[in-house]
Amino acid sequence: MKLNVYLAGEIHTDWREAVKSACEGLEIEWSGPVTDHGASDDCGVEIFGAEEDKFWHDRKGASLNAIRIRTGIERCDVLVVCFGEKYKQWNAAFDAGYAAALGKPIIVLQPPEHDHALKEIDAAANAVARTPEQVARALRYVTTAAL
């Protein structure tokens, strides 16, 4: 089975590469947000012009990034969303909620210390993983029906 998998969530670790590497050989098309933090933050003002007010600076970038994010989530077969340990990832929670509203299958990747804070997201998910390797094993099972 071929899948389009959207990798949402934190951008400060190599979890995406770990999942992709462990899924080598599977028929998976990968997509996700822009993970270059500077490009993601500044794309709006780079394209549409500078803003004096930081709110509008961020708003321009967020609005432009939303085109990529919404399109990717709408086109995906499965959303994998990672909540890292260091930063509050409100955007990751939003992505998971959007995918849930669209009826997309969701795999959450999170450390155990986030269990309570993410209980509603976990309840909407189809699976909760602790490691990128578990995510990859889940995707391998879904695509090949093999353990």
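The structure this text deals with has already been given above.
Below, the structure is looked at part by part. The model shown is predicted, which means the values in this text are computed figures rather than measured ones. In this numbering scheme, every chain counts its residues from 1 along its sequence in written order. Only residues with pLDDT of at least 70 are given local features in this predicted model, and only at 80 or more are side-chain atom pairs given and counted; all residues enter the totals for whole chains, interfaces and linings. Excluding hydrogens and water, the side-chain values take into account all heavy atoms of the structure.

What follows deals with the overall build of the protein. Of regular secondary structure, the protein possesses six helices and five strands. The C-alpha radius of gyration computed for the protein amounts to 16 Å, which stays within 12% of the reference 15 Å derived for 147 residues, consistent with globular compactness. Its C-alpha atoms give the protein principal-axis dimensions of roughly 55 × 35 × 30 Å. The classification of residues rests on relative accessible area computed with a 1.4 Å probe and restricted to protein chains. Under 20% of the type maximum is buried, over 50% is exposed, and intermediate values are partly exposed. Across the 147 residues of the protein, 39% fall into the buried class. A contact between two residues is defined here by any heavy atoms of the two lying within 4.5 Å. A sequence separation of at least 24 residues applies to 61% of the contacts in the protein between residues at least 6 apart. Note on areas: Shrake-Rupley, 1.4 Å probe, and residue coverage restricted to the protein chains presented here. Accessible surface computed for the protein: about 8700 Å², of which carbon and sulfur atoms make up 54%. Seen as two clouds, the 16 positive and the 23 negative side-chain charges of the protein have centres 4 Å apart. Secondary structure elements are taken from DSSP: a helix is a run of H or I of four residues or more, a strand is a run of E of two residues or more, and numbering for both begins at the N terminus. Just to be clear, the radius of gyration here is over C-alpha atoms, and the globule rule we use is 2.2 Å times residues to the power 0.38. In this tally Asp and Glu are treated as negative and Lys and Arg as positive; neither His nor the chain ends contributes. Charged groups are reduced to one reference atom each: NZ for lysine, CZ for arginine, CG for aspartic acid, CD for glutamic acid.

Between Lys or Arg on one side and Asp or Glu on the other, a salt bridge is scored when a side-chain nitrogen of the former is within 4 Å of a carboxyl oxygen of the latter. Summed over all chains, the structure comprises five salt bridges. Close ionic contact of E17 with K20 constitutes a salt bridge, the shortest N to O distance being 3.9 Å. With a gap of three residues between them, E17 and K20 both fall in helix α1 (residues 15–22), about one helical turn apart.

Okay, a nonpolar patch on the surface next. Together, M1, Y141, V142 and L147 make up an exposed nonpolar region whose accessible area comes to about 500 Å². The topology assignment puts M1 in the segment before β1 (3–9). Each patch is built from residues lacking any salt bridge and having more than 30% relative accessible area; the joining distance is 9 Å for like charges and 5 Å for nonpolar side chains (Val, Leu, Ile, Met, Phe, Trp, Tyr).

Along helix α2 (residues 37–48), the residues classified as buried are S40, C43, G44 and V45. The arc that holds the buried residues of α2, viewed along the axis, is 165 degrees, so those residues lie on one side. Identification of polar contacts relies on pairs of N or O atoms within 3.5 Å, with a donor-acceptor requirement for protein atoms, meaning one able to donate a hydrogen and the other able to accept it, and with residues adjacent in sequence counted only if both atoms are side-chain atoms. Of the residues that open α2, the one with a side-chain oxygen 3.1 Å from the backbone nitrogen of G38 is D36. Where α2 terminates, the next one or two residues include G49, which has phi positive at roughly 110 degrees. Regarding the arc, it is the one traced by the directions from the helix axis to the C-beta atoms.

Here we come to the state of the cysteines. We call a pair of cysteine sulfur atoms a disulfide whenever their separation is within 2.5 Å. Evaluation of the coordinates by the stated rule reveals zero disulfides. C23 provides the cysteine sulfur closest to C82, a residue in no disulfide bond, and the two sulfurs are 14 Å apart.

Moving on, we get to the side chain of D95. Mapping D95 onto the fold places it in helix α4 (residues 90–101). The side chain of D95 is buried and forms no salt bridge, while R16, the nearest opposite charge, is found at 7.1 Å. Once residues lying within four places of it in the same chain are set aside, the contact partners of D95 are A8, I69, I73 and L79.

Sheets are built from strands that pair by backbone hydrogen bonding, the pairs being arranged parallel or antiparallel. Spatially, the five strands line up as an open sheet ordered β2-β1-β3-β4-β5, and their pairing is parallel. Edge positions in the sheet fall to β2 (28–31) and β5 (127–129), since each has one partner strand and no second. For this sheet, the mean inter-axis angle between neighbouring strands, taken without regard to orientation, is 25 degrees. Direction of pairing for β1 relative to β2: parallel, over a ladder of four bridges. Across the sheet, the residue bridging to Y6 is S31, located in β2. With respect to the sheet, helix α6 (residues 132–144) is in contact with β1, β2, β3 (78–82), β4 (106–109) and β5, its orientation differing from that of β4 by roughly 160 degrees. Whether two strands pair comes down to DSSP finding at least two bridges between them. Axis lines are fitted to C-alpha atoms, over the contacting stretch for helices. Their N-to-C directions set the angle, which ranges from 0 to 180 degrees.

Just distances and angles here, no functional claims.
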